[in-house]
Amino acid sequence: MRQSSTGGFLSASLPGEKSDLDKLASLWRIRSQEKASSDYPVGVGDVVEISVPAIEELRARTLRISGDGTIALPFVGKIEAAGLTEEELQQKLVERLKQYMYNPRVIVFVKEYRSRQVAVLGAVVKPGLYAVGSGSDTLLDMISQAGGIASGADPKIYLIPAEPAENGRGTEITSTLPERLLRQDPAPLILKRTDPILIDLKQLSFGGNQQYLSLAARPGDVIMVPGGGQVLVEGWVERPGAYPLSPGLTAAGVVIQAGGQLFPADVNAVKVIRAEKGGTKSFVVVDLERIKRGDFPDVALQGGDIVEVSAQTARLIPYGLYRFFTAIISVGVGASVPIR
């Protein structure tokens, strides 16, 4: 996408780009062909309960899968758990314990699928992180878990689709979510950085494409519902989320309201995305540094706008190292974290 030299909004439907309906149709085909599974593999951050009744040290052990995808148990040692289903993990434990006993009985139960969550933000009754129970759960199922769309919300849904983390691993979604959600300890998920897909509920109803409301939800999806008179701030800011539209609110002003940008943020290419009539989107790229110096006009916002603060690739590596080492300091050295 290119930047407007005058600061005006440009059409987001540039030559060679897919429209939102095309993107939805493509996503629908891909997810419809996937096998709906009720037995998700476990991943980093998930909480599992393991019990071997015949061994006192292994009775009713509750563990969280560590950042490297492993767990550690007496007699068993450190084993790879991420990417395995309950049954596969059980069989792996049985094989390890056969050297100590004949036909060991092992019980494995996943208490919390922290790595299988969807973020539902904005104008819903209870914004937060919600677990995908099975492959048949839809976007509307996730919104229903969040209490449904709040009164006065715009008839629109913005979807940032995510790809499954390979073998239960991925980059953290935590830096893209509001601080109040981080207290719920969201799992590391891999989030595909892309422009949000606009799902215009009115357009779908009139156009006969209601099946997209039943699009299968996948772990790591971010669903944003704009409220009437609200602006959504997404990306590398301290407190992403929905902010009320006040008179004179601008792009630079709402970033400040969101706690300011994080270290990896590309402040020279902040994008303001606006839904237009007919289901199309327009955008403008603003330079916060130039606005701060007075060299570039700020952009006045409207209800339903999305302010997207992307990252500079060169800054992601040092920031990732900082997050990694601070996590080690806070959690402590160990292969897995027992849940008391």
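Keep in mind the model is a prediction, meaning the values are calculated, not measured.

Of the regular secondary structure elements, the protein holds eight helices and 17 strands. Considering only intrachain contacts with a sequence separation of at least 6, the fraction spanning at least 24 residues in the protein is 66%. Carbon and sulfur atoms form 52% of the exposed surface of the protein, whose accessible area is close to 16,400 Å².

Below, the discussion takes up the pairing of strand S5 (residues 77–80). Pairing of strand S4 (residues 70–73) with S5, which is carried by four bridges, proceeds in the antiparallel orientation. Bridging across to S5, Leu73 finds its partner in Gly77. Connecting S4 to the next strand, S5, in antiparallel fashion are three residues, including Phe75 with a positive phi near 70°.

All right, on to the side chain of Asp287 then. The residue Asp287 is located in the loop between strand S15 (281–286) and helix H7 (288–293) in this model. Put simply, Asp287 is tucked away with no salt bridge, and the nearest opposite charge, on Arg290, sits 4.7 Å away. Separated by 3.0 Å, the side chain of Asp287 and the backbone nitrogen of Glu289 make a polar contact. Beyond its immediate chain neighbours, meaning those up to four positions away, Asp287 contacts Val267, Asn268 and Phe296.

Across the protein, the average pLDDT comes to 77, with 73% of residues at 70 or higher. Between residues 167–176, whose pLDDT stays under 50, and residues either more than four places distant or in other chains, the model counts 40 contacts.

In this section: the environment of Val233. The residue Val233 is located in strand S12 (residues 230–235) in this model. Judged by its relative accessible area of 3%, Val233 falls in the buried class. With 25 residues separating them in the primary sequence, Val233 and Ala258 have C-alpha atoms 7.3 Å apart. Other than its neighbours up to four places away in sequence, Val233 contacts Pro240, Gly241, Tyr243, Val254, Ala258 and Val307.

Turning to the sheet that holds strand S8 (residues 128–131), a few remarks are in order. Across the sheet, five strands lie side by side as S8-S7-S11-S9-S10; this open sheet has mixed pairing. Taken across any chain shown, the strands that pair with only one partner, and hence form the sheet edges, are S8 and strand S10 (197–200). Taking each pair of neighbouring strands and ignoring which way they run, the sheet shows an average axis angle of 25°. Here four bridges tie strand S7 (residues 117–122) to S8, and the two strands are oriented antiparallel to one another. Bridge pairing in S8 places Val120 opposite Gly128.

Here we come to the pattern of salt bridges. Counting across every chain of the model gives six salt bridges. The salt bridge involving Asp221 is made with Arg31; its shortest N-O contact spans 2.9 Å. A residue pair is termed long-range when its members are at least 10 positions apart, and Asp221 in the loop between helix H5 (201–207) and strand S11 (222–225) and Arg31 in helix H1 (residues 20–33) qualify at 190 residues. Residue classification places Asp221 among the buried positions, given a relative accessible area of 0%. The closest approach of N and O atoms between Glu95 and Lys98, which form a salt bridge, is 3.2 Å. Since its relative accessible area comes to 46%, Lys98 is described here as partly exposed.

Looking now at the nonpolar core. Counting 25 residues, the largest nonpolar core has Val254, Val255, Val286, Leu288, Leu301, Val307 and Val309 as the members making the most contacts within it. At the level of elements, S12, helix H6 (251–257), strand S14 (270–275), S15, H7 and strand S16 (306–309) are the ones that each hand at least two residues to this core. The dominant element in this core, judged by the number of residues it contributes, is H6, at four residues. Residues within four places of Val254 in sequence aside, it is in contact with Val231, Val233, Tyr243, Leu249, Leu301 and Val307. Within the second largest apolar cluster, 24 residues are counted, among which are Ala25, Leu27, Ile199 and Ile223.

Now for helix H2 (residues 86–97). An ideal rise of 1.5 Å per residue puts 16 Å on 12 residues; H2 measures up with 17 Å between its terminal C-alpha atoms. Those residues of H2 not exposed but buried are Leu89, Leu93, Val94 and Leu97. Projection of H2 onto a plane perpendicular to its axis shows the buried side chains occupying an angular sector of 140°, all on one side.

Calculation notes
Per chain, residues are indexed from 1 in the order of the written sequence. At least 70 in pLDDT is required for a residue's local features to be given in this predicted model, at least 80 for side-chain atom pairs to be given and counted, and no such filter applies to totals for whole chains, interfaces and linings, which use all residues. Derived side-chain values reflect all non-hydrogen atoms in the structure, with water molecules and hydrogen atoms excluded from consideration. The helix count covers DSSP runs of H or I at least four residues long, the strand count covers runs of E at least two residues long, and both are numbered beginning at the N terminus. Residue contacts follow a heavy-atom distance rule, with two residues in contact if any of their heavy atoms lie within 4.5 Å. What sets the accessible areas is the Shrake-Rupley method with a 1.4 Å probe; for residues, cover comes only from the shown protein chains. Here the rule is simple: two strands pair whenever DSSP picks up at least two bridges between them. Using a 1.4 Å probe on the protein chains alone, a residue whose accessible area is under 20% of its type maximum counts as buried, one over 50% counts as exposed, and one in between counts as partly exposed. Asp and Glu count as negative and Lys and Arg as positive, but His and the ends of the chain are not part of the count. In what follows, salt bridge is the name for a side-chain nitrogen of Lys or Arg lying within 4 Å of a carboxyl oxygen of Asp or Glu. The term polar contact refers here to a pair of N or O atoms within 3.5 Å; inside protein, the definition further demands a hydrogen-donor-capable atom paired with an acceptor-capable atom, and it admits residues adjacent in sequence only when both atoms are side-chain atoms. Each residue carries a pLDDT value, the predictor's own confidence for that position, ranging from 0 to 100. Convention adopted: a line fitted to C-alpha atoms gives each axis, helices being fitted over their contacting stretch, and angles between N-to-C directions are expressed from 0 to 180 degrees. In these notes, a set of buried Ala, Val, Leu, Ile, Met, Phe, Trp, Tyr and Cys residues joined through side-chain atoms within 4.5 Å is what counts as a nonpolar core. To estimate how far a helix should reach, multiply one less than its number of residues by 1.5 Å. Summarising the geometry, the arc corresponds to the directions from the helix axis toward the C-beta atoms.

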